[in-house]
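# Residue-level structural notes
For reference, the chains in residue letters:
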Amino acid sequence: MRLPTLRQLQYLTSVVEEKHFGHAAEKCFVTQSTLSAGIQDLEQLLEVSLLERTNRKVLPTPIGEEIASRAQQILSLSEDLVDLAQSEKNPLSGRIQIGVIPTISPFLLPKVLPSVRKQLPNLEIVLIEDQSERLLDRLEAGSIDVAVLAFPFNTRGLTHRVFAKEPFWIAMPKNHNLAKAKKLKAADLPINELLLLAEGHCMREHALSACKLPASAQRKSVQATSLYTLIEMVASGLGITLIPDMAINSDMVSHSDISLVPLENNNNQAVREIGLVWRPSFRRTATLEQLAKTFSDALADTDYSLRA
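Definitions and cut-offs
- Sequence positions are assigned chain by chain, starting from 1 and proceeding in written order.
- Owing to the predicted nature of the model, reporting of local features is limited to residues with pLDDT of at least 70; listing and counting of side-chain atom pairs is limited to 80 or more, with chain, interface and lining totals taken over all residues.
- Excluding hydrogens and water, the side-chain values take into account all heavy atoms of the structure.
- In DSSP terms, a helix is any run of H or I states spanning at least four residues, a strand is any run of E spanning at least two, and both are numbered starting from the N terminus.
- Pairs of residues are marked as contacts when any of their non-hydrogen atoms sit within 4.5 Å.
- Salt bridge, as applied in this entry: a Lys or Arg side-chain nitrogen positioned within 4 Å of an Asp or Glu carboxyl oxygen.
- Here the term buried applies to any residue with accessible area under 20% of the maximum for its type, exposed to any over 50%, and partly exposed to those in between, with areas from a 1.4 Å probe on protein chains only.
- We define a nonpolar core as any set of buried Ala, Val, Leu, Ile, Met, Phe, Trp, Tyr and Cys residues linked to one another through side-chain atoms lying within 4.5 Å.
- For each structure, a 1 Å grid was placed over the protein atoms alone; sets of points admitting a 1.4 Å probe that cannot get out are labelled cavities, open sets with protein on both sides within 12 Å along at least five of seven lines are labelled pockets, and lining residues have an atom within 4 Å of a point.
- Grid points are joined across faces, edges and corners, and a volume is the space filled by probe spheres set on the points.
- Three classes are used: nonpolar for Ala, Val, Leu, Ile, Met, Phe, Trp, Tyr, Cys and Pro, charged for Asp, Glu, Lys and Arg, and polar for all others, with Gly counted as polar.
- Every residue is assigned a pLDDT by the predictor, reflecting its confidence on a scale from 0 to 100.

What follows is about the environment of Leu291. Structurally, the position occupied by Leu291 is in helix 10 (residues 285–298). The sequence separation of Leu291 and Leu276 amounts to 15 residues, and the corresponding C-alpha distance is 9.0 Å. Non-local contacts of Leu291, meaning those with residues more than four positions away in its chain, are made with Ile96, Ile98, Val116, Leu120, Leu123, Ile125 and Leu276.

Here we come to the pattern of salt bridges. In the structure shown here, the tally under the stated rule is 15 salt bridges. For Arg156, the salt bridge goes to Glu133, with nearest N and O atoms at 2.5 Å. Linking Arg156 in the loop between strand 5 (146–151) and strand 6 (159–173) with Glu133 in helix 6 (residues 132–141), this pair joins segments that are 23 residues apart in sequence. For Asp257, the salt bridge is made with Lys174, and the minimal N-O distance between the two is 3.6 Å.

Bringing helix 7 (residues 202–210) into the picture now. Judged by how many residues are buried, helix 7 sits mostly within the fold: seven of nine residues are covered. When we look at burial in helix 7, the residues that qualify are Cys202, Met203, Arg204, His206, Ala207, Leu208 and Ala210. Immediately beyond the C-terminal end of helix 7, within one or two residues, lies Lys212, with a positive phi of roughly 55°.

Grouped together as the largest cluster of nonpolar side chains are 74 residues, with contacts concentrated most on Ile104, Val148, Phe163, Leu227, Leu242, Leu276 and Leu291. When sequence neighbours within four positions are dropped, the list of residues in contact with Val148 reads Ile98, Gly99, Val100, Ile101, Ile104, Leu108, Phe163, Ile274, Gly275, Leu276 and Phe295. Formed by 15 residues, the second largest nonpolar core is a distinct cluster that contains Leu12, Val16, Phe21 and Leu42.

Before going further, it helps to examine the layout of surface pockets. Here the largest pocket defines a volume of roughly 680 Å³. Along its surface, the largest pocket is lined by 21 residues, and Thr13, Glu17, Lys27, Gln72 and Ala141 are the ones closest to its centre. Those elements that provide at least two residues to the lining of the largest pocket are helix 1 (6–18), helix 2 (21–28), helix 4 (62–89) and helix 6. With seven residues, helix 4 is the single largest residue contributor to the lining of the largest pocket. Considered class by class, the residues forming the lining of the largest pocket number six nonpolar, eight polar and seven charged.

For the protein, mean pLDDT is 85; residues scoring 70 or higher make up 90% of the total. For the protein, per-element mean pLDDT is lowest for strand 8 (residues 223–224), which scores 71, and highest for strand 10 (residues 258–262), which scores 94. Every residue in residues 303–308 scores below 50 in pLDDT, and together they form 26 contacts with partners more than four places removed in sequence or on other chains.

Here we come to the side chain of Thr155. Within the secondary structure, Thr155 is located in the loop between strand 5 and strand 6. Judged by relative accessible area, Thr155 falls into the buried class, the value being 9%. Those residues in contact with Thr155 that lie beyond four places of it in its chain are Leu136, His160 and Val277.

Time to look at the environment of Glu205. Tracing the chain through its elements places Glu205 in helix 7. Put simply, Glu205 and Phe153 are 52 residues apart on the chain and 9.1 Å apart in space, counted from C-alpha to C-alpha.

Laid out in structure tokens, this is it:
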């Protein structure tokens, strides 16, 4: 029985992603006629129509979309095999693509990247910032190798390892009647003033979980798409919000006209955990172990680091 080649699968996934033969051919570094012939051979081999071709664009058929999704998984596994072979020679060299969520990236990376460059000088790091669900999509598709996420979060059966945990602080206008408190319990918070990130940001759920609140416990009229916007809204007197510990010494916070009060942490519940997520097939475990240790060591001067 003849099987599709990896090259044919690459042609198909590129066309489905680009929805354009010319752009897909450029992505695969082949001529458009070569790519088109490769896909036609694949259709003849599988005896199904994979693409709908029009004068303006190309779209996958239902079966073509399903086959392209599985093809991407096969290509990802193949890339993992190459990564594994290369890492056998030197596990702390080569290239690794890391996804980071926006509520971690600007605060964690300045702390850890200098240490990573010093301890892992032969490791080339490519950083991609995106929301958690989209990073998991990228992981499953093989376009990134590992993601830095906050937990609890559904990792879809992917492997993960926590390297830090951090508490939350309450940010409020300086003239707020709770601004002078030394510590606040979740029960003390005026829930009708709570500002949260928009749906799709995991810190929204973590903030609600830290306060043991339902999703309805927020100001309905205002939602932000970034932590920076939340802080600006608080400074303008629109309400209060929760921010993670790693953000409180950032320029974004220190230059804002707000007050910060720690949220009381009973039984280690009012925290979020930070960790790495990767595909079980990604076997560069020595690289990941060293990354987790380097990240944890770089946070050793904080109260929320964990020894890797």
